[in-house]
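Structure at a glance
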2 protein chains.
Amino acid sequence: MKLFGAIEAGGTKFVCLVGTDPQHVQEESRFPTTTPAETLSQVVEFFKRAASGRNLISIGIGCFGPLDLDQQSPTFGSITSTPKPGWANTRILTMLQNALHVPVAIDTDVNAAALAEYTWGAAQNVDSCIYLTIGTGIGGGGIINNAPLHGLVHPEMGHIRLPHDRQTDPFEGICPFHGDCFEGLACGPALQKRWGQPAETLPENHPAWELEAHYIALALCDYICTLSPKRIILGGGVMQKQSLFPLIRKNVLQSLNGYVQSPEILENIDEYIQPPALGSRAGVLGALALAQFGWENS
Amino acid sequence: MKLFGAIEAGGTKFVCLVGTDPQHVQEESRFPTTTPAETLSQVVEFFKRAASGRNLISIGIGCFGPLDLDQQSPTFGSITSTPKPGWANTRILTMLQNALHVPVAIDTDVNAAALAEYTWGAAQNVDSCIYLTIGTGIGGGGIINNAPLHGLVHPEMGHIRLPHDRQTDPFEGICPFHGDCFEGLACGPALQKRWGQPAETLPENHPAWELEAHYIALALCDYICTLSPKRIILGGGVMQKQSLFPLIRKNVLQSLNGYVQSPEILENIDEYIQPPALGSRAGVLGALALAQFGWENS
């Protein structure tokens, strides 16, 4: 029986599993992210045990970044300049490939999540999508022309600049690079700083949510005009607030103002902009999809 | 001998040619865009004559839009809601395919130009690029994962929203849909309206150019964060002003503020952001590349 391996490599925890699809997961394990040496040993142990006597074809990693994803680069598959102590310049792909002797595919956590939703979730009936996570930071991944979106480095969708009316919202933003870029204005810590309390404690009728929906919608309109994705999936801690979805959809329609003549947007926006169908499993299942995608395309 | 046909279908003129690449163009003709009946008859006549006794494999059209590019749609390959008199709902692909009995590929004029630069021009050594035209309007096309960028409709890169400081620039913008979107602030007619004279008559040291470079750079930063293209090519009437290029490059570096850690941007921005190598030939040569691309991928 053919099995694939998956690693969701996050800043606080790692999730590993072997299986073939969301309904067929043979084994799964999770442990906190400590040092690269300790955490990657646990990964290796897990796969040696879980794959024992089975045909493990390949492993996919959906990894926190930034990553070196340039296949021509001598450090391809490394975590590069992360502020996470000990993890900068960790050659995660090479280390696992050498220890486990199977092909390993790697991509960003958000590209992996996009691939999971495209393979088994909210975007499985379309050929392009973007996945945006809005939480501690804001990041985005995408599937374009049936493959994960890469490019020069990888997208940094959270750092686009948006109109910011300082009369209505004098908050300066918290991005150390750009101040009031999208992430600087709209990530969870920005909400907390602007309103003086954690996002999840803000009441339903607080003006924070209308403003948050306004910024998210402006960003989505920019992605729609630039990438024209066939579906937009919004995950992450801030998006746990379900009542944001109708506000965002209304703001997107207002902001596009009928310009993009697509029935998917004009008539079917509840499906066009939606939460991840795979919920918090999108990350590790994305790594599983990546293992299969990498294997099929190698 | 195998030949390909190309049609640059513009709002004011059509250019047709047969050949194999920029160095091997057998015949070429151009005529003004009048009615669909008259203009498309001229196209058909040109190809019947030019292809006579030769092996015409396929034809590509780089077309003004908006276009229906959904292959599942019954009106695939039509010009849809253009304000150009007589041309709305013109089934240009079907009409030419029926008249000429060869496969016809169609894409937007800007995707065609991007494909030309990717095949023979400024982006031939990279696997992704965007092509932006800044003139009467602003439009963008791109090659991502080695194929033209489509999606829901097609990108409308000119209509992204940018930070607009009304203290520095009280101009309201001229986009009938969005007011001060990128196109509304920075296309040729916006320059003319803001400064009271045509862009090309504004002197070199006029503050118009610094402001124009500022908006173009903000837009490029948004595309870089969203698409991470490996090259950016800027064409169109406004970009005839060569001195805009260094201003734009300087503003892009300032605005990204070191966040995108890529030597292509940080060390090599003169190559990263450049004019079309094929100049005004990018359109028709893009249609030629499209004929070959469509043929290879069909």
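Below you will find a few notes about this structure.

Here we look at the nonpolar core
Counting residues in each nonpolar core, the largest one holds 97 residues, and the members touching the most others are F182(A) and F182(B). Among residues more than four places away in sequence, those in contact with F182(B) are L132(B), I134(B), I138(B), M157(B), G158(B), I160(B), L162(B), C187(B), Y215(B), I216(B), A219(B) and Y223(B).

Some thoughts on the relation of the copies chain A and chain B
Between chain A and chain B, which share one sequence, the superposing operator has a rotation angle of 180° and an axial displacement of 0.0 Å; the RMSD is 0.0 Å. Here the two chains are linked by the operation of a two-fold rotation axis. When C-alpha positions in chain A are compared against the rotation axis, the closest is assigned to P163(A), at 2.0 Å. When you check the interface residues of chain A against chain B, 100% turn up at the interface there too, and the contact is symmetric in its surfaces.

Overview of unusual backbone geometry
Residue P66(A) is bonded to the preceding G65(A) through a cis peptide linkage, with omega at 0°. Residue position: P66(A) is located in the loop between β4 (55-63) and α2 (92-100). We note that N257(A) has phi near 55°; this positive angle belongs to a residue other than glycine. Structurally, the position occupied by N257(A) is in the loop between α7 (244-256) and α8 (263-266). Residue N146(B) is not a glycine yet carries a positive backbone phi of 60°. Its place among the elements puts N146(B) in the loop between β7 (138-144) and β8 (147-148). Overall, N146(B) belongs to the partly exposed group, its relative accessible area being 39%.

Calculation rules
- Chains are numbered independently. Their residues run from 1 in the order of the written sequence.
- Labels are handed out in written order, letters beginning with A for the chains and numbers beginning with 1 for the ligands.
- Totals for whole chains, interfaces and linings use all residues, but because this is a predicted model, local features are given only for residues with pLDDT of at least 70 and pairs of side-chain atoms are given and counted only at 80 or more.
- Note: side-chain values were computed over all heavy atoms of the structure, leaving out hydrogens and water.
- Definition of nonpolar core: a set of buried residues of the types Ala, Val, Leu, Ile, Met, Phe, Trp, Tyr and Cys, connected through side-chain atoms within 4.5 Å.
- Exposure is judged per residue with a 1.4 Å probe applied to protein chains only, and the accessible area is read against the type maximum: over 50% gives exposed, under 20% gives buried, and values in between give partly exposed.
- Throughout, a residue-residue contact means that at least one pair of heavy atoms, one from each residue, lies within 4.5 Å.
- To line up the copies, we fit them by least squares on C-alpha atoms, keeping just the residues with pLDDT of at least 70 in both.
- Put simply, DSSP H or I for four residues or longer makes a helix, DSSP E for two residues or longer makes a strand, and each gets a number counted from the N terminus.

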